[in-house]
Amino acid sequence: MHKLLEDAPGKTLLLLGNEAIARGAIEAGVACAATYPGTPSSEISLNLFQISRETDLYFEYSTNEKVALEVAAAAANCGVRTLCIMKHVGVNVAADALMTLAYVGVKGGLVIVSADDPFMFSSQNEQDNRYYGKMSGLCVLEPSTLQEAKEMTAFAFELSENLGQPVILRTTTRINHSTAAITLGPVSPRRAGGGFEKNPFMLVTVPAVSRKLHTRLLERIEKAGDLAEQSPYNFVQGKGPLGIVVNGVSFNYAADAVNDLKLGGRVSILRLGFANPAPKNLIASFLADKEKVLVAEEGEPFMEEMVKVAAQENGLTLPIAGKGKELFSREGEFDPALVRRVIARYFSVLYQEPEKLDLADLPPIPARPPNLCAGCPHRASFAIIKKAAKNSEVMFPTDIGCYTLGLLPPLNAADFLICMGSSSGTAGGFARFSGKKVISFIGDSTFFHSGIPGLVNAIYNNHDFTLVILDNGTTAMTGHQPHPGVDMEALGFGGYNRIDIEKVIRGLGVENIAVIEPLKVKKSIAAVEELLEKPGVKVVLSKELCPLYARSLGKVSKRVFAVSDKCKNHRVCVDELGCPAMYIQDGRVQINPGQCTGCAVCAQICPENAILPAK
Amino acid sequence: MQVVRLIIVAVGGQGNLLAAKVLGEAALFAGVPVHMSEIHGMAQRGGVVESAIIFGNAASSIISDGEADILVGFEPAETLRALNRAHADTWVITSTSPLPPFTAALGKGVYPKIEDMLALMTKKTKKVIAFDALELARQANNPLAVNMVLVGALAATGKLPFGPEAVKKAIETTTKEKFVPANLKAFELGFGAAS
Ligand SMILES: Cc1ncc(C[n+]2csc(CCOP(=O)(O)OP(=O)(O)O)c2C)c(N)n1
Ligand code: SF4
Ligand code: SF4
């Protein structure tokens, strides 16, 4: 049995935040879950996927976040408790569905997990998704601890059903990827079956219907505000004339700081875990007897604005601050010392910062940037494309996935990136205006996620560029999740269909297509060279499994390569590929047999044919 | 209970997260409050993996620069790089077996000399326990057990709020069954090396 299914109330387990959230959903009897993977949310989905294999929970990896939310919206409108999981930028993709789903509402509880990533440990931006709550009119819950993450997830389903609205559970990386001892609660039975009652004049959002629904949404926001006023997730800790307003993890740092600075008795903390809609009366009564208030929140001044509004509406003129030059930044994440320092400064508390080590005499330590794995087919594809295009001035729009690492030397094959799918969309614009030949890279999962519309657009508008689809058979970057092009049979899962990317591009009418196997370097270069001569939209479909994924499928090559004494030490292999299996010893290139996957790409690039299978 | 802040740094693939998990489970067995967090964004692709573990009554699950009481490094250059997390009273435990980043391996950037790195650590912190954990892991018949060797050394310092028995029990319950004997052996060798 999956460890998160155990019905053992009171038992304590060491769980990752994401496991705690999955457990909270299980305790609430979640019956449907849909997602598109994204760090730091992915382990919630992985656990629910595993659980779906042994229960009647329905789980799907959807093709993108918008579709995931649409599937979830439908399930919830059939009365089924549903969890929809995505990283913060995923909510942008789902936002069109979200904004009007807020009007239509739900019958069964629908909880949307938005996993935000302050400091961008693994994201393209650090947007603060609490504003989605404000923009859509949906409740936002924010846990401070992992125990709370579990409990709030379960509560969010009740709240959602109570209001008839989806609820946003907003986390940050330090919730998702922290671990703590979690006490389990009872598991509610799953109500897996649903049903749909027709009610088109409340569910089909033509203008006349939506006007009614907007009125209802505003009423629901009002009701939600009342619930926020009463919610045990909004509470005051400690007493004193100085106030600190906190949310999520900032609560922990502030609580520790109050201890460390010995401010007990002088500082009172208002923790807002149910922070949208704003519990205005609660905030006003907190402010009423304070001399000075600090708002400690990562990201944007979301609570700070609401606290200032509450003060203004109540004629309170005490100083309230949060973001500012000497205070908190809107960038990055907080840490305990930072919060301690700002609290001390703002409240003029005497505080001697612990002495830092003087590290000025440390030698430079060579950086350890992430790198494409040894034998990664993306490396081969980059080398092939660059060789095939060597005679023209090229720019490379790219996309999000392992292959974004093509940015780094020696590959240097990434020039522009904004979001998933942007490779195929921006390529058209660059083809018109950059004055360069445009070759754009996209992964297979990203192609299905949001790359297809850009390609359709390019064909229709007759743009002139080459789209290289890096088909490694998996969603590698986020942990090798499946996607619509994945062979699910090979993974041992029945009941899925597989979409053939080549058929998709041919079906769209792309005529100039090169399907290559990137580990066959010379043949691939020739095919791409020929293709690049053609006008209009061209597609290179580069097909080779990610070797880590292949290994998990039991497909391993025993062959490894070694540098023979034919090597003349020009280091073309190192300078063009930079495979991490290579190293230099005593001035000679060597290959680490423990890392080499036997892809043979270096052997084909070596002008001396000096790299040979190891004996 | 006094709060003990521990940071573990390693290169992706060295088993940092499993070491953290073992220590977390040991704390749970011993009834010691524990909060941990991990950053492993690019672990699979050769990046650095960092775990923070806070034992005792603190609410935070991360550790600020200069505030780690113990720093465990699975790779000497990574230990040195993480020295900004330490303070003058920090105990440092590090393996001396190098895994140069591929940039240095390819002759781009110089990998510092091990003796120089150890001398710097010794100069700046309270105590440095340094030995070749890879060699001990090999002796335990599992070269992948570098993590358990270092957990053993950590347990020998007496700085953890629980004894070695809790850690051994955690190794038995959290690591893969067929590796338990080698992991326990690795633990013992690390424990011995630091005692
Ligand atoms: C809107 C959005 N959703 C999810 C992510 C997280 N994410 C980053 S890359 C990626 C997919 C990568 O898969 P693929 O395109 O197949 O490339 P690979 O990593 O396999 O090379 C995902 C899901 C994101 N950055 N943005
Ligand atoms: S995980 Fe796979 S796709 Fe990603 S860099 Fe490694 S080999 Fe390449
Ligand atoms: S064959 Fe060459 S390029 Fe391929 S993994 Fe081995 S060393 Fe790297």
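Notes on the structure follow. (Residues numbered from 1 in each chain as written. Chains lettered and ligands numbered in written order. Predicted model: local features only at pLDDT ≥ 70, side-chain atom pairs only at ≥ 80, totals over all residues. Heavy atoms only, no water.)

### Remarks on the overall build of chain B
Part 1 of the argument: Of the regular secondary structure elements, chain B holds eight helices and six strands.
Part 2 of the argument: Taken from N to C terminus, the helices and strands of chain B fall in the order β-α-β-β-β-α-β-α-α-β-α-α-α-α.
Part 3 of the argument: Taken along its principal axes, the extent of the C-alpha atoms in chain B is 50 × 35 × 35 Å.
Part 4 of the argument: Considering only contacts within chain B whose residues lie at least 6 apart along the sequence, 64% involve residues at least 24 apart.
Part 5 of the argument: If you sum the accessible surface of chain B, you get close to 7,200 Å²; carbon and sulfur atoms cover 55% of it. (Helix = DSSP H or I, 4+ residues; strand = E, 2+ residues; numbered from the N terminus. Contact = heavy atoms within 4.5 Å. Areas by Shrake-Rupley, 256 points an atom, 1.4 Å probe, with all protein chains shown as cover.)

### Some thoughts on the nonpolar core
Part 1 of the argument: If you look at the biggest cluster of nonpolar residues, it comprises 147 residues, and the most contacted ones within it are L48, L83, I244, I343, F441, I469 and I505 of chain A.
Part 2 of the argument: Ranked by the residues each element gives to this core, the list is headed by helix α6 (residues 146-163) of chain A, at eight residues.
Part 3 of the argument: Residue contacts for I505 of chain A: discarding those within four places in its chain leaves F447, L455, I469, V510, I513, V539 and L541 of chain A.
Part 4 of the argument: Listed in part, the 47 residues of the second largest apolar core include M36, I129, L136 and I171 of chain B. (Core = buried A, V, L, I, M, F, W, Y, C linked by side-chain atoms within 4.5 Å. Buried < 20%, exposed > 50% of the residue type's maximum accessible area, 1.4 Å probe, protein only.)

### Thoughts on the packing of aromatic side chains
Part 1 of the argument: Evaluated as defined, the whole model comprises 16 aromatic pairs over all chains.
Part 2 of the argument: Between the aromatic rings of F447 of chain A and F448 of chain A, the centroid separation amounts to 5.8 Å while the plane-to-plane angle is 70°, which identifies the pairing as edge-to-face.
Part 3 of the argument: The exposure class assigned to F447 of chain A is buried, which follows from its relative accessible area of 0%.
Part 4 of the argument: Look at F55 of chain B and F162 of chain B: their rings are 5.4 Å apart centre to centre, the planes differ by 80°, and that puts the pair in the edge-to-face class. Of this pair, F55 of chain B sits in strand β3 (residues 48-55) while F162 of chain B sits in the loop between α6 (146-156) and α7 (164-174), and the two are 107 residues apart along the sequence. Both residues of the pair, F55 of chain B and F162 of chain B, count as buried.
Part 5 of the argument: For the cation-ring pair, K134 of chain A lies above F302 of chain A, with the distance from its terminal atom to the ring centre recorded as 5.2 Å. (Phe/Tyr/Trp six-rings, centres within 6.5 Å; stacked < 30°, edge-to-face > 60°. Lys NZ or Arg CZ within 6 Å of the ring centre and 35° of its normal.)

### Topic: the pairing of strand β10 (residues 242-246) of chain A
Residues and elements named next belong to chain A.
Part 1 of the argument: Summarising burial for β10: five of the five residues are buried, a large majority.
Part 2 of the argument: Every second residue of β10 is oriented toward a common face, with L242, I244 and V246 on one face and G243 and V245 on the other, all of them buried.
Part 3 of the argument: Bridging between β10 and strand β11 (residues 267-272) involves five bridges; their strand directions are parallel. Bridge pairing in β11 links L242 to V267.
Part 4 of the argument: Crossover connection from β10 via helix α10 (residues 250-260) to parallel β11: handedness right-handed. (Pairing = 2+ DSSP bridges. Right-handed = clockwise from strand over helix to strand, strands pointing away.)

### Here's the deal with the sheet that holds strand β4 (residues 82-87) of chain A
All names here are of chain A.
Part 1 of the argument: If you trace the seven strands from one edge of the open sheet to the other, you get β3-β2-β4-β5-β7-β6-β12, paired in mixed fashion. Single-partner strands in this sheet number two, and they are β3 (58-61) and β12 (274-276). Taken pair by pair, the neighbouring strands of this sheet meet at an average axis angle of 20°, ignoring direction.
Part 2 of the argument: Contacts between helix α3 (residues 65-77) and the sheet are confined to β2 (32-35), β3, β4 and β5 (110-116), with β4 contributing the most and set at about 165° to the helix.
Part 3 of the argument: Running at roughly 135° to β4, helix α4 (residues 88-104) makes contact with β4 and β5 of the sheet. (Axes fitted to C-alpha atoms, helices over the stretch in contact; angles between N-to-C directions.)

### Observations regarding the site of ligand 2
Part 1 of the argument: Taken together, the neighbourhood of ligand 2 is formed by L372, C373, C376, H378, C402, N472, A476, H480, C546, P547 and L548 of chain A together with R45 of chain B.
Part 2 of the argument: Of the chains in the model, those with residues near ligand 2 are chains A and B.
Part 3 of the argument: For the shell around ligand 2, the class distribution of residues is eight nonpolar, three polar and one charged. (Near = heavy atom within 4 Å. Nonpolar A, V, L, I, M, F, W, Y, C, P; charged D, E, K, R; others polar.)

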